[in-house]
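Close look at the chain arrangement
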Amino acid sequence: MGEQIHVYVDIRFLNKWTWLTVVGWFLGLTVAEEVTAWVFPSAEHALLGSSPIYYAVFGAVLGFLQWWSIRDRISRSFGWVIATAGGLFLAGWLVNKQLYIFEPFATFFQNFPLLVDIVIGAVLGFSQYLVVKKKLAYSYAWPLLLPVIWTISTGIMGTPNVWLQLVGMFTFGLSTAVAMEGLSRLYSHQESPPNKAGI
């Protein structure tokens, strides 16, 4: 028989990460819009969300609140904030600037807009992976999971219904919470479970 694997779930962490991520997403959108409007006072309001600065500010707020969830679990993890802000800045620069420079790319991504979200999720996931790659047992799976989670969640948020947008934020928060918990709390039968209440 193969080695037995036990999964212990820290419900307190799941709740904390999920709700702080939801708050971070909502607050990040608001702060990013205000800051970008201040940096580009003459820009059209509808175009603010395409600026890499918008992405970076949003990422800084979201990353900070997520870091607040993991700071007791992962030592020296403030880089998560920098990685989230920097990763989203790079993603915003790619999907709104570089990918549309060449006509074939522009046509391709216009025909398959879902790929834009996959690119954003992949860039963000890899940036965050660089912070936790030596601190999570299965960190290599993070940049593989995040593009899927990001694409599904933002797809739900893309609807005009406010309640569905909240569902999308909650989907992202809970899914990333479960992913983070699972990647950091897989224990073999030879290891002791974490010193916290779990299932």
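What you are looking at is a predicted structure, and each value in this text was computed from that prediction instead of being measured.

1. What about the pattern of salt bridges?
Inspection of the entire model under this criterion finds 2 salt bridges. Among the ionic pairs, arginine 73 bridges to aspartate 10, the shortest N-O distance being 3.4 Å. Highlighted residues: arginine 73 in the loop between α2 (52–70) and α3 (79–96) and aspartate 10 in the loop between β1 (5–7) and α1 (11–39), separated in sequence by 63 residues. With relative accessibility at 5%, the residue aspartate 10 sits in the buried group. The closest approach of N and O atoms between glutamate 181 and arginine 73, which form a salt bridge, is 2.8 Å. Here arginine 73 lies in the loop between α2 and α3 and glutamate 181 lies in helix α7 (residues 162–184), a separation of 108 residues in the sequence. The exposure class of arginine 73 is partly exposed, given its relative accessible area of 22%.

2. Digging into the environment of leucine 124
Relative to the elements of secondary structure, leucine 124 occurs in helix α5 (residues 114–132). Look at leucine 124 and you get buried, because its relative accessible area is 1%. The spacing of leucine 124 and leucine 88 is 36 residues in sequence and 5.9 Å in space, taken between C-alpha atoms. Apart from the residues lying within four places of it in its own chain, the contact partners of leucine 124 are Ala83, Thr84, Leu88, Leu146 and Trp150.

What counts, and at which threshold
Residues numbered from 1 in each chain as written. Predicted model: local features only at pLDDT ≥ 70, side-chain atom pairs only at ≥ 80, totals over all residues. Heavy atoms only, no water. Salt bridge = Lys/Arg side-chain N within 4 Å of Asp/Glu carboxyl O. Helix = DSSP H or I, 4+ residues; strand = E, 2+ residues; numbered from the N terminus. Buried < 20%, exposed > 50% of the residue type's maximum accessible area, 1.4 Å probe, protein only. Contact = heavy atoms within 4.5 Å.

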